[in-house]
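Observations on the model geometry
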Amino acid sequence: MKYINTRNKSQSVSAGRAIISGIGENSGLFVPNEIPKISFDEIKMLAEQDYPYRAAYIMQKYLDEFKFDELLEFSKAAYGKFSGDAAPLIKIDENLYILELWHGPTLAFKDVALTMLPYLLVKSKEKNKDKTHTLILVATSGDTGKAALEGFKDIENTSIIVFYPTDGVSSMQKLQMMTQDGKNVGVFGVKGNFDDCQTAVKNVFADVKLNKEFKAQNIALSSANSINWGRLLPQIIYYISAYVDLVEQDQINLGDKINFSVPTGNFGDILAGWYAYKMGLPINKLICASNSNNVLTEFFTKGEYNAKRELIRTMSPSMNILVSSNLERLLFENSNRDDKLTAQRFSDLKEKSYFRIYEEELIKLKEIFFGVFCPEDDTIEEMEYFFEEYGYPLDPHTSVAAYCHKKYKKQTEDKKPTVILATANPYKFPQDVVYALTGDDVKDSFRACKKLHAHTAMEVPASIADLKEKPKRFEEVVKKEEIADAVKKFMQKINK
Ligand SMILES: *Cc1c(COP(=O)(O)O)cnc(C)c1O
């Protein structure tokens, strides 16, 4: 199967090539030329299989140059790094379920894709006889950075540099990155917000001169952000897997439609849900849940994308994003693959922080997406409510999704079974969760963990407890104009 560029359809590459380069010419994104289908018979068949098998089976549909056995080996290795099942579905109430996606090594759903991506990348290079040194650049709003570092540390012929907004992530997220081990890793704080980091990294990709210099040194850039197709693909699986589990556990009948409520930032997670829908998974609505940075809520209501506003720092930092990159893939498909129009829109977004879509496009999008947002006060209240009502502690991101589903239900009176995607373990944000559950304002992260444990009896993950003793290796903070320089200097060090 070929992958085509959203800004220039005539660029068409193999899956392996799309994964190796991460991003297309002219900053376009790669999408599969055809979206494969999944039948009800296959859903029935998958009910008897474990998560790694489901993953290999579904990925194979998109990666025909890989053998099923190769993919199964990768998914067994990747999901073997999780504690227990990779994506367990928990029944919370009648027609209400939580899909726990945070059982991976770094305790956020990013692990589901970033434990897999290194295997896909290394194998893709092998298949393409590509002997370059891959330099992975990551902009992170908090969770991608750590998950990518863990995934790519000490992978041969690969280096990785992560940029995070120095005042824009939780203290636990920051500590996780600063203490990262591995010989091929670099981590920098950036004075600015996530959008600044993402733009600066995209500019490095587009920097012709720098790329030439790197090419002369046999270095090629790639991305572990969800602009890389290899990041999105593994996320399609858990939507299908959740549905399979609901059927298998007799919660729904095969063919019944369900909703997913997805806490959204860069639009990667929810776009994977849209691919599952296009494959034929019976989905009624994808609830696009935003925090106070509600650009997407406005977009799905009015068809206007307006990023001309201040980014608000919230307690769900991984969703503090104004420019949601993966929307580009959706708008490309939704415009019947009009690459020129897509290129125009995203160049407008870059230049003027604004574009709008046609009415008929919006109508089509509303058939499946429902945009809604959750203010800060409600994020706190929902955490408290959920714990009191169900005895289940939510992290702030998942709380946004839970609240948004409630709002959706009220507005639409739709009572269909709904799966809330739980994207992070509450211990990544212990202060905010403790505040929501007890009203106590605890400054120190580790004391907050203790409190949270005393209050909920939920186990403190070892990877969090261990952070306290780990030495900080990376404390450098750079300006956004210095990111390209930091990349160059880092590579000089690695090359020595
Ligand atoms: C990244 C992240 C999100 C948002 O996911 P996108 O794919 O960027 O939309 C939500 N919650 C958590 C905890 C995250 O780490």
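Refer to the preceding data block for the structure.
Presented here is a report on the structure given in the accompanying data block. In this text, all values refer to a predicted model and were calculated from it rather than measured experimentally.

**A few points about the nonpolar core**
- Grouped together as the largest cluster of nonpolar side chains are 109 residues, with contacts concentrated most on L63 and F260.
- In terms of residue count, the dominant contributor to this core is helix α11 (residues 229–248) (13 residues).
- If you look at the next biggest cluster of nonpolar residues, it comprises 40 residues, including M172, M319, I420 and V442.

**Notes on helix α22 (residues 483–495)**
- An ideal rise of 1.5 Å per residue puts 18 Å on 13 residues; α22 measures up with 18 Å between its terminal C-alpha atoms.
- Every buried residue of α22 is listed here: I483, A486, V487, F490 and M491. One face of α22 carries all of its buried residues, which in axial projection span an arc of 130°. Across from the buried face of α22, at angles greater than 90 degrees, the exposed residues are K489 and Q492.

**Here we look at the sheet that holds strand β3 (residues 30–32)**
- Strand order across the open sheet formed by 3 strands is β2-β1-β3, with antiparallel pairing between neighbours. What marks the edges here is a single partner per strand, and that holds for β2 (8–14) and β3. Across this sheet, the average inter-strand angle for adjacent strands is 35°, counted without regard to direction.
- As paired strands, strand β1 (residues 2–5) and β3 are joined by 3 bridges and run antiparallel to one another. Bridged to N5 within β3 is F30.

**Let's talk about helix α9 (residues 194–206)**
- Here α9 is 13 residues long and its end C-alpha atoms lie 18 Å apart, about the 18 Å a rise of 1.5 Å per residue gives.
- Of all the positions in α9, only F194, D195, C197, Q198, A200, V201, V204 and F205 are classed as buried.
- Taken together, the buried residues of α9 touch β6 (133–139), β7 (158–165), β8 (185–191), α10 (208–216), β9 (219–223) and α22.

**Here's the deal with the pattern of salt bridges**
- Scanning all chains against the criterion turns up 24 salt bridges.
- Notably, a salt bridge pairs K127 with E70, separated by 3.0 Å at the nearest N-O pair. With K127 in helix α6 (residues 117–127) and E70 in helix α4 (residues 68–79), this pair connects stretches of sequence that are 57 residues apart.
- Each member of the salt-bridge network shares a partner with another, and the members are K146, E150, K153, D181 and K470.

**Some remarks on the site of the ligand**
- Taken together, 15 residues sit near the ligand, with K110, D143, G265, N266 and T423 positioned nearest.
- Within the backbone of F267, a nitrogen or oxygen atom sits 3.1 Å from an oxygen atom of the ligand.
- T423 is positioned such that a nitrogen or oxygen atom in its side chain is 2.9 Å from a nitrogen atom of the ligand.
- For the ligand, whose free accessible area comes to 380 Å², the fraction covered by protein is 98%.

Thresholds applied
Residues numbered from 1 in each chain as written. Predicted model: local features only at pLDDT ≥ 70, side-chain atom pairs only at ≥ 80, totals over all residues. Heavy atoms only, no water. Core = buried A, V, L, I, M, F, W, Y, C linked by side-chain atoms within 4.5 Å. Buried < 20%, exposed > 50% of the residue type's maximum accessible area, 1.4 Å probe, protein only. Helix = DSSP H or I, 4+ residues; strand = E, 2+ residues; numbered from the N terminus. Expected span 1.5 Å × (residues − 1). Arc of directions from axis to C-beta. Pairing = 2+ DSSP bridges. Axes fitted to C-alpha atoms, helices over the stretch in contact; angles between N-to-C directions. Contact = heavy atoms within 4.5 Å. Salt bridge = Lys/Arg side-chain N within 4 Å of Asp/Glu carboxyl O. Near = heavy atom within 4 Å. Polar contact = N/O pair within 3.5 Å; in protein donor to acceptor, adjacent residues only side chain to side chain. Areas by Shrake-Rupley, 256 points an atom, 1.4 Å probe, with all protein chains shown as cover.

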